[in-house]
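# Survey of secondary and tertiary structure
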Amino acid sequence: MPPTRQDNDTWRNRTHPIEEDMQFQRGTWRAERIGWVVLWLIVLLALLGLFSEGPLSMASVESPAGDLRITYGRFERNGAPAELKLAVEPRRAGEVAIRISAPVMEAFTIESVTPKPRTERGIAGGVELLFPVAAGGPLTVHMTMRARSVGVVTGEIGIGENRPARLSQFIYP
Amino acid sequence: MDAVLRTVAVYGFLLVVLRISGRRTLAQMTTFDFVLLLIISEATQQALLGDDFSITNALVIIATLLAIDVGLSLIKGRVPASSKLIDGLPMIVVENGAVLEERLRHARIDESDILESARETQGLESIDQIKFAVLEITGSITVIPKDR
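Residues numbered from 1 in each chain as written. Chains lettered and ligands numbered in written order. Predicted model: local features only at pLDDT ≥ 70, side-chain atom pairs only at ≥ 80, totals over all residues. Heavy atoms only, no water.

Before going further, it helps to spend a moment on the pattern of salt bridges. Where charged atoms of side chains with opposite charge meet at close range, the side chains can pair. All names here are of chain A. Enumeration according to the criterion identifies 15 salt bridges over all chains in this entry. Among the salt bridges present, the one from Glu128 reaches Arg99, with a minimum N-O distance of 2.7 Å. Taken together, the positions of Glu128 in strand S8 (residues 126-133) and Arg99 in strand S5 (residues 94-101) put the pair 29 residues apart, joining distant regions of the chain. A relative accessible area of 23% places Arg99 in the partly exposed class. One network of salt bridges, with partners in common, ties together Arg99, Arg121, Glu128 and Glu161. (Salt bridge = Lys/Arg side-chain N within 4 Å of Asp/Glu carboxyl O. Helix = DSSP H or I, 4+ residues; strand = E, 2+ residues; numbered from the N terminus. Buried < 20%, exposed > 50% of the residue type's maximum accessible area, 1.4 Å probe, protein only.)

Attention now goes to the pairing of strand S10 (residues 151-159) of chain A. Residue and element names in this part refer to chain A. Judged from the 3 bridges that link them, S5 and S10 form a sheet pairing that is antiparallel. From the neighbouring strand, Ile100 faces S10, where its bridge partner is Ile157. Taken together, the 7 bridges between S10 and strand S11 (residues 165-172) define a ladder with antiparallel strand orientation. Its bridge partner being in S11, Gly155 is matched across the sheet by Leu167. Adjacent in sequence and paired antiparallel, S10 and S11 are bridged by 5 residues, among which Gly160 carries a positive phi angle near 50°. (Pairing = 2+ DSSP bridges.)

The next subject is the confidence of the model for chain A. Per-residue confidence for chain A gives a mean pLDDT of 89; residues scoring 70 or more make up 95%. The low-confidence segment residues 1-5 of chain A (pLDDT under 50) makes 1 contact with residues lying over four places distant or belonging to another chain. (pLDDT = per-residue confidence, 0-100. Contact = heavy atoms within 4.5 Å.)

Bringing unusual backbone geometry into the picture now. Cis peptide bonds are those with omega within 30 degrees of zero, and the linkage from His16 of chain A to Pro17 of chain A qualifies with 0°. Secondary-structure assignment places Pro17 of chain A in the loop between helix H1 (5-9) and helix H2 (22-48). Residue Pro115 of chain A is bonded to the preceding Thr114 of chain A through a cis peptide linkage, with omega at -5°. Residue Glu53 of chain A is not a glycine yet carries a positive backbone phi of 60°. Along the chain, Glu53 of chain A turns up in the loop between H2 and strand S1 (58-62). Positive phi values are uncommon outside glycine, yet Arg108 of chain B reaches one of about 60°. On the secondary structure map, Arg108 of chain B appears in the loop between helix H5 (101-107) and helix H6 (111-122).

The calculated volume of the largest pocket comes to roughly 1,000 Å³. Along the wall of the largest pocket there are 24 residues; nearest its centre are Arg77, Tyr172 and Pro173 of chain A together with Val10 and Ala47 of chain B. Contributions of two or more residues to the lining of the largest pocket are made by H2 of chain A together with helix H1 (2-20) and helix H2 (31-49) of chain B. With 7 residues, H1 of chain B is the largest single contributor of residues to the lining of the largest pocket. Taken together, the residues of the lining of the largest pocket sort by class into 16 nonpolar, 5 polar and 3 charged. (1 Å grid on protein atoms, 1.4 Å probe; cavity = no way out; pocket = protein on both sides within 12 Å on 5 of 7 lines; lining within 4 Å. Points joined across faces, edges and corners; volume = space filled by probe spheres on them. Nonpolar A, V, L, I, M, F, W, Y, C, P; charged D, E, K, R; others polar.)

Moving on to H2 of chain B. Counted at 1.5 Å a residue, the expected span for H2 of chain B with its 19 residues is 27 Å, and the 27 Å between its end C-alpha atoms agrees. A positive phi of about 65° marks Gly50 of chain B, the residue just after H2 of chain B. (Expected span 1.5 Å × (residues − 1).)

All names here are of chain A. Assignment of secondary structure puts Ile34 in helix H2. Judged by relative accessible area, Ile34 falls into the exposed class, the value being 56%. C-alpha of Ile34 to C-alpha of Ile157: the two residues are 123 residues apart in sequence and 43 Å apart in space.

The interface of chain A with chain B comprises 21 residues on the first partner and 24 residues on the second. Together chain A and chain B conceal approximately 2,100 Å² of surface at their shared face, both sides included; 62% is due to carbon and sulfur atoms. At the junction of chain A and chain B, the tally comes to 4 salt bridges. Notably, a salt bridge pairs Glu95 of chain B with Arg14 of chain A, separated by 2.7 Å at the nearest N-O pair. Inspection of the chain A/chain B interface yields 7 residue pairs in polar contact (both at pLDDT 80 or more). Mapped by element, the contributors of at least two residues to the side of chain A that touches chain B are H1 and H2 of chain A. If you tally residues by element for the side of chain A that touches chain B, the top one is H2 of chain A, at 10 residues. Partitioning the side of chain A that touches chain B into residue classes produces 8 nonpolar, 6 polar and 7 charged. (Buried area = accessible area lost by both parts, 1.4 Å probe. Polar contact = N/O pair within 3.5 Å; in protein donor to acceptor, adjacent residues only side chain to side chain.)

Next up on the list: empty space enclosed by the protein. Residue and element names in this part refer to chain A. What the rule picks out here adds up to 1 cavity of 30 Å³ or more. Its boundaries defined by the atoms lining it, the largest cavity holds a volume of some 50 Å³. Around the largest cavity, the lining residues are Glu76, Ala82, Glu83, Leu84, Phe108, Met145 and Gln169. Considering each element in turn, the lining of the largest cavity owes the most residues, 3 residues, to strand S4 (residues 81-88). Per-class residue counts for the lining of the largest cavity are 4 nonpolar, 1 polar and 2 charged.

Rendered as structure tokens:
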């Protein structure tokens, strides 16, 4: 179909009754289209868990000795609750000492620990929580933390003197 | 410091997102748009205030919002290009009774929107009674009737 008068005319800049800049207008529309794609991408990535809580965020790490497995979120948000699950295989009945390094304690406030530790105390480079354990049974500790800083946090959590597991998390503002 | 940064981030994001979504989105408010606006403001309020409900925090946020607003209007006054970028430009959609179809399509409006505005503001009943219809930067359509 040959272009009609109007097709050729569509993008011409009028000056009356208003001053137009159709080149700019078309640029705006292109930017809009790109913006929509970015919006949909944000939604998709949010569903996948890039902004915490989702498959991309779920992570777990084991200590070198295999006595501790930590399930945590790779991505957390400042001011939002963060869940941490610690599964401990105690060597013998008695007491298990979970040591949490200072960077973790600085980036998060511990809001609750279940089960409650018998005592907690400060040690060089962090905090130690002492849990009584029954003979042979594994111990699972759920911690609810609240992020209070922004950026990458690399911390260590371990059992007593054993080499700890390292975990790295990113906290969004 | 935190409150100011939060406010700037939220203001900037809203500016960009509302610009991207096109001028029509919140201009001609349907019932659902109204609900959308309420939800957006609710989500925004949480992000702005955080968990600090002090008067100081509220004052800092209000001051920051107004400061950005005044600052932007000053910039817009000095630099015409920035006004174009932030607010966009008006565009003619009907010229001497002829609809500029391609433009309508890109702006995501249709003839019925123009006719609605023509009825509402000028009491016109058909496109060929319209000399000019202009899609304004607010998203409303203004209609200039032909001389009778």
